[in-house]
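# Structural characterization, general
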Amino acid sequence: MISPNPLKAALARGEKQIGCWLGLGSPIATEIIASAGFDWVLVDMEHTSLSESETVGLLRAVRSVSTIEPLVRVPWNDMVTMKRLLDSGVRSILVPYVQNADEARRAAAATRYPPAGVRGFAGMHRGNDYGRDTSYVHRIADEIFLAVQAESPEAIRNAGAIAAVDGIDCVFVGPNDLAANMGLLGQPRHPDVLAAIASIVEPVKAAGKTAGMLDYNIENSRAWLEAGFDFVAVGSDTALLAAGAANLVKAYRQPG
């Protein structure tokens, strides 16, 4: 029997949810992060070489140590990839580079069975406990959490319309790509970028949806939470390992 999606339920209650990006592709690192106390973790297929089968292995690692909700960022707004992941048990998805309401509708349709969408039907898969959960086909739509990324000036302008699409739960800003697409490559803290990011909160919330953001700086991420972003990535396995290793070496290299 499919269980309620704790991330979707918590956000519906107005609770802020912090999470961690997973890009190392290591089941052991995934277990360590998943049991640390985050509200959610996200397996990144867009900017890694992870395959669908490797992603499922990481989802199993999450489930082995925690009941938190794992998400997957798919490589693109592609119904085939989403269909395969959904059949593999994924129910929380982040879709990159969604520019407008039409593209948002395409993402939502990929996650729903007809007549609400275009998801292909399979009778036996990991998602429905290999055919044993006969309620899956009727209940899965209610438990899907679908976030789409706003990563360009066009997407920022269309944030309200994107959020208003049925099936979209969250509009998530990708600050680095947004900066690049604003002609400010490598400057996600530029005042113009910060203003563009902040501008999505009101229209997204007016549509009854969640505003999401990524910022690995503690002070900055706290400020985004206070500014109305309820779904915030506050770190990554790669960043934590890199910073921890660098800080340890620095501590021993500095004069005593």
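Residues numbered from 1 in each chain as written. Predicted model: local features only at pLDDT ≥ 70, side-chain atom pairs only at ≥ 80, totals over all residues. Heavy atoms only, no water.

## Description of the packing of helix H2 (residues 27-34) against helix H3 (residues 52-65)
- Relative to each other, H2 and H3 sit at 40°, their axes nearing to 8 Å. Classed by the angle they form, the pair H2 and H3 counts as oblique. When you trace H2 past H3, the crossing you get is right-handed. Two secondary-structure elements touch here, H2 through Pro27, Thr30, Glu31 and Ala34 and H3 through Leu58, Ala61, Val62, Ser64 and Val65. (Axes fitted to C-alpha atoms, helices over the stretch in contact; angles between N-to-C directions. Helix = DSSP H or I, 4+ residues; strand = E, 2+ residues; numbered from the N terminus. Parallel < 35°, antiparallel > 145°, perpendicular 65-115°, else oblique. Left-handed = near helix turned anticlockwise from the far one by under 90°. Contact = heavy atoms within 4.5 Å.)

## Quick look at the pairing of strand S2 (residues 40-44)
- Most of S2 is tucked away, with 5 of its 5 residues classed as buried.
- Of the two faces of S2, the one holding Trp40, Leu42 and Asp44 and the one holding Val41 and Val43 are both buried throughout.
- In this region the chain leaves strand S1 (residues 17-22), passes through H2 and returns to the parallel neighbour S2; the handedness of that crossover is right-handed.
- Inspection of the sheet shows S2 paired to strand S3 (residues 69-73) by 5 bridges, in the parallel sense. By the bridge assignment for S3, valine 43 is matched with valine 72. (Buried < 20%, exposed > 50% of the residue type's maximum accessible area, 1.4 Å probe, protein only. Right-handed = clockwise from strand over helix to strand, strands pointing away. Pairing = 2+ DSSP bridges.)

## Some thoughts on the sheet that holds strand S8 (residues 231-236)
- Around the barrel, which closes on itself, the 8 strands sit in the order S1-S2-S3-S4-S5-S6-S7-S8 with parallel pairing between neighbours. With strand direction ignored, the average angle separating the axes of adjacent strands in the sheet is 25°.
- Across 5 bridges, the pairing between S1 and S8 is parallel. By the bridge assignment, isoleucine 18 is partnered in S8 with valine 232.

## Some thoughts on a nonpolar patch on the surface
- A cluster of nonpolar side chains, contributed by Met79, Val80 and Val118, occupies part of the molecular surface with about 230 Å² of accessible area.
- By relative accessible area, which is 40% here, methionine 79 ends up partly exposed. (Patch = residues over 30% accessible without salt bridge, like charges linked within 9 Å, V, L, I, M, F, W, Y side chains within 5 Å. Areas by Shrake-Rupley, 256 points an atom, 1.4 Å probe, with all protein chains shown as cover. Salt bridge = Lys/Arg side-chain N within 4 Å of Asp/Glu carboxyl O.)

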